[in-house]
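The primary structure of each chain is shown beneath.
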Amino acid sequence: MADDDKDMFICRCEEVTLREIEQAIDEGFVTVTDIKRVTRAGMGLCQGRTCTKTIARIIAQRTGKPLEEVLPKSYRYPVRPEKLQVVENEEFNDAKDS
Amino acid sequence: MTHAADVLVIGGGIIGLSCGFYLTKRGKRVCVLDSGGFADGASGACDDMILFQSKKPGINLELTFESLELYKSLRAEVDDNLGFANLGGMVLIENQQELEIMEEFVSQQRSYGLDVEVIDKREIHKKQPFLSDHIIASTYSKMDSQIDPFAVMRAFERKGSSYGMKVFRRNGVVGIERIGNGDYLVSTQDGTVFQAPIVVNAAGTWAGQIGEMVGANVPITPKRGQIIITERVPPIGETNLWSAKYLVTKLRNDVVVDLNEDERSMGLSFAFTRSGGDTYLVGSTREYVGFDKGTTIGGIRAIINQTLKYLPRLRDVNFIRAIAGLRPSTPDGRMLLGEHAGIDGFFTAAGHEGDGIALAPITGTLLAAMVCRDPGDHRLDELSPNRFANL
Ligand SMILES: Cc1cc2nc3c(=O)[nH]c(=O)nc-3n(C[C@H](O)[C@H](O)[C@H](O)COP(=O)(O)OP(=O)(O)OC[C@H]3O[C@@H](n4cnc5c(N)ncnc54)[C@H](O)[C@@H]3O)c2cc1C
């Protein structure tokens, strides 16, 4: 891969590049959750909704691990941004503990 | 397969990594063993404060000053700011009774050398224009600082590894056995065995389970804290914020603070801190629910309602995530740090409750000094795990 491509943002919200992600993988951080915590990829506004799968694929390719092993196990409420005033809505109470 | 080392550190949270880092710098060959991924414990689900104001004069406050200095040298050594910031903090006071208790507390802290004062409504408004009008006074200390726990942990690991430290993850410790020459054999889930003359129990909330493996009493219980995280927003005020409620109940258990039944049972108290990523971490709860790391709708609702009471204009701000962590809490609010009597070579460094981020570098430094048999520091006697040996 050309070196320029390594500067491509994999997580746009937090501006994390392919290079940073590959470096973290090579240091032994080999799940999406590990990568998120060491690079902040997936911690921004969209909470990894766009980059989680891409990061999982990069890890799987680089380590030979199956996708299921590197993907996060569960998703927690809120799955998308919610205004604080959401507590005033009836439906809020129907959201699930996680 | 057996790995030999000088020291085995069990638990790779911020405390275990700090112990590993400072031991490695003292020339020890160290393996750090963790059952989870990076920052799976409390160190990955907490606020980032190096908080002075919450502490009574005494050992925890003293060690926080020393830790702040060590964080300075660590940042220089790794050539990274590690998300350090010094925004100062305010503890919000809502009625006359809280004011009296906090005034007395502040004067104790001042005589101990902490730079803290009580400020009036006008001063408050200058520092925090969005704050609700019902706040009658506040404390202010410019000492309160913060540092990014993820960055700190990665720095300990990176720099430590460059000196030879080894970290093993996703492979929990399942048993500890002692052999003829006094060495410990530590076995892990996948069957790998680690051997060393020294074992450090740094398993945070889970340290009691590790203690049991060698017959040591380590009375640490999980105290869950939930937090929500906002989207990126411009600064809401100049400082970080807390409510006096939790402190007041800690200082005076006869005082009943103004909380409803639900809020009281989950130990709700306000903490509002700006993180390096320009988001706010807003919390939190203190719940006794065993080892359950889940977030709850009840907890999130209580945190939001509380936030809107103090900062009503935040209604339109989005929150993007909710997290929960287990604070390792001890019966007397102090960590366990030292070697267990009668179990030579077995040390515990755990039980930091709500101060493990603040106290990480000093804990690792002191632990390394103990393992290397430096001359004893008598201030630390009150942290000895042996205070619980006969309980
Ligand atoms: C909501 C909240 C807010 C907080 N805010 C602050 C703050 O502002 N400032 C501050 O200083 N502190 C704060 N804290 C406290 C801080 O998070 C803790 O004191 C600190 O993280 C404890 O670190 P630790 O390394 O001891 O524990 P942990 O990070 O929990 O690490 C323990 C490790 O042991 C591992 N482990 C468990 N069992 C085994 C086994 N059998 N074998 C191997 N490994 C095992 C776990 O996987 C884990 O990684 C807060 C905590 C919470 C919950």
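Residues numbered from 1 in each chain as written. Chains lettered and ligands numbered in written order. Predicted model: local features only at pLDDT ≥ 70, side-chain atom pairs only at ≥ 80, totals over all residues. Heavy atoms only, no water.

Draft legend 1. How the structure looks around the sheet that holds strand β11 (residues 184-188) of chain B. Residues and elements named next belong to chain B. The sheet built from 4 strands is open, its strands ordered β1-β12-β11-β10 with mixed pairing. The sheet is open, and its two borders are formed by β1 (2-4) and β10 (173-178), each paired with just one other strand. Across the sheet, the axes of successive neighbouring strands diverge by a mean angle of 20°, strand direction being ignored. Sheet analysis places β10 next to β11, joined by 5 bridges and oriented antiparallel. Residue I176 lies in a different strand from β11, and its bridge partner there is V186. (Pairing = 2+ DSSP bridges. Helix = DSSP H or I, 4+ residues; strand = E, 2+ residues; numbered from the N terminus. Axes fitted to C-alpha atoms, helices over the stretch in contact; angles between N-to-C directions.)

Draft legend 2. Just the interface of chain B and chain A, in detail. Counting from both sides, the interface comprises 36 residues of chain B and, opposite them, 35 residues of chain A. For the pair chain B and chain A, the two sides together bury roughly 3,100 Å², of which 50% comes from carbon and sulfur. Scanning the region where chain B abuts chain A turns up 6 salt bridges. Its salt-bridge partner being A:E27, residue B:R158 comes within 2.8 Å of it at the nearest N-O pair. Inspection of the chain B/chain A interface yields 19 residue pairs in polar contact (both at pLDDT 80 or more). Going through the elements one at a time, α5 (149-162), α9 (297-310) and β18 (318-329) of chain B are the ones with two or more residues in the side of chain B that touches chain A. For the side of chain B that touches chain A, the class distribution of residues is 15 nonpolar, 8 polar and 13 charged. Both strand β3 (residues 82-83) of chain A and β18(B) contribute to a ladder of 2 bridges, which runs antiparallel. The residue of β18(B) that forms the bridge with A:K83 is B:N318. (Contact = heavy atoms within 4.5 Å. Buried area = accessible area lost by both parts, 1.4 Å probe. Salt bridge = Lys/Arg side-chain N within 4 Å of Asp/Glu carboxyl O. Polar contact = N/O pair within 3.5 Å; in protein donor to acceptor, adjacent residues only side chain to side chain. Nonpolar A, V, L, I, M, F, W, Y, C, P; charged D, E, K, R; others polar.)

Draft legend 3. View of unusual backbone geometry. Following A:Y77, the chain continues to A:P78 via a peptide bond in cis, the omega torsion being -5°. With respect to the element layout, A:P78 can be found in the loop between α4 (67-70) and β3. At the junction of B:G283 and B:S284, the peptide bond is cis and its omega measures out at -15° in the coordinates. Take B:S284: it is sitting in the loop between β17 (280-283) and α9. If you check the backbone angles, B:R170 has positive phi at about 55° while not being a glycine. Tracing the chain through its elements places B:R170 in the loop between β9 (166-168) and β10.

Draft legend 4. Broad picture of the side chain of B:T307. Relative to the elements of secondary structure, B:T307 occurs in helix α9. For B:T307, the side chain forms a polar contact with the main-chain oxygen of B:I303, separated by 2.6 Å. Beyond its immediate chain neighbours, meaning those up to four positions away, B:T307 contacts A:L84, B:F270, B:V282, B:P312 and B:L314.

Draft legend 5. Spotlight on the sheet that holds strand β20 (residues 346-350) of chain B. All names here are of chain B. Strand order in the open sheet made by the 6 strands is β9-β3-β2-β13-β20-β19, with mixed pairing throughout. Two strands bound the open sheet, and with one partner strand each, they are β9 and β19 (336-339). Across the sheet, the axes of successive neighbouring strands diverge by a mean angle of 20°, strand direction being ignored. Note that strand β3 (residues 30-33) and β9 share 3 bridges and pair parallel.

Draft legend 6. Quick look at the site of the ligand. Residue and element names in this part refer to chain B. The full set close to the ligand counts 34 residues, and D34, A42, S43, E353 and A358 are the nearest of them. A distance of 3.2 Å is found between an oxygen atom of the ligand and a backbone nitrogen or oxygen belonging to I14. Within the backbone of S35, a nitrogen or oxygen atom sits 3.1 Å from a nitrogen atom of the ligand. Considering the ligand on its own, with 1,000 Å² of exposed area, one finds that the protein chains cover 95% of that surface. Among the elements of the structure, α1 (14-25), β14 (221-230), β18 and α10 (356-371) are those that each provide at least two residues to the shell around the ligand. Of the residues forming the shell around the ligand, the biggest block, 3 residues, is contributed by α10. By residue class, the composition of the shell around the ligand is 15 nonpolar, 13 polar and 6 charged. Each of domain 1 (2-45 + 149-219 + 332-388) and domain 2 (89-142 + 221-329) gives at least three residues to the shell around the ligand. (Near = heavy atom within 4 Å. Areas by Shrake-Rupley, 256 points an atom, 1.4 Å probe, with all protein chains shown as cover. Domains from an automatic or database assignment.)

Draft legend 7. The arrangement of helix α2 (residues 32-39) of chain A in detail. α2(A) sits mainly inside the fold: 6 of its 8 residues count as buried. Within the span of α2(A), buried status applies to A:V32, A:D34, A:I35, A:R37, A:V38 and A:T39. Residues of α2(A) that are buried make contact with β2 (16-17), α1 (18-26), α3 (52-63) and α4 of chain A together with α5 of chain B. With its phi angle positive at about 75°, A:R40 sits one or two positions after the end of α2(A). (Buried < 20%, exposed > 50% of the residue type's maximum accessible area, 1.4 Å probe, protein only.)

Draft legend 8. Broad picture of the packing of α1(B) against α10(B). Residues and elements named next belong to chain B. Orientation of α1 relative to α10, taken along the N-to-C sense of each, is 40°, at an axis distance of 8 Å. With respect to each other, α1 and α10 are oriented oblique. Classified by chirality, the crossing of α10 by α1 is right-handed. Residues I14, I15, S18, C19, Y22 and L23 of α1 form the contact with α10, whose participating residues are G356, I357, A360, P361, T363, G364, T365, L367, A368 and V371. (Parallel < 35°, antiparallel > 145°, perpendicular 65-115°, else oblique. Left-handed = near helix turned anticlockwise from the far one by under 90°.)

Draft legend 9. A look at the domain arrangement of chain B. Residue and element names in this part refer to chain B. Considered domain by domain, chain B is made up of domain 1 (2-45 + 149-219 + 332-388) and domain 2 (89-142 + 221-329). If you average the C-alpha positions of domain 1 and of domain 2, the two centres end up 31 Å apart. Between domain 1 and domain 2, the contact holds 12 residues from the first and 15 residues from the second. Interface area lost by domain 1 to domain 2 is led by A45, T205 and E353, which between them contribute 56%. Counting across the interface, domain 1 meets domain 2 through 1 salt bridge. In this structure, K223 engages E353 in a salt bridge whose closest nitrogen and oxygen atoms are separated by 2.8 Å. The interface formed by domain 1 and domain 2 includes 4 residue pairs in polar contact (both at pLDDT 80 or more). Of the residues assigned to the side of domain 1 that touches domain 2, the class counts are 4 nonpolar, 6 polar and 2 charged.

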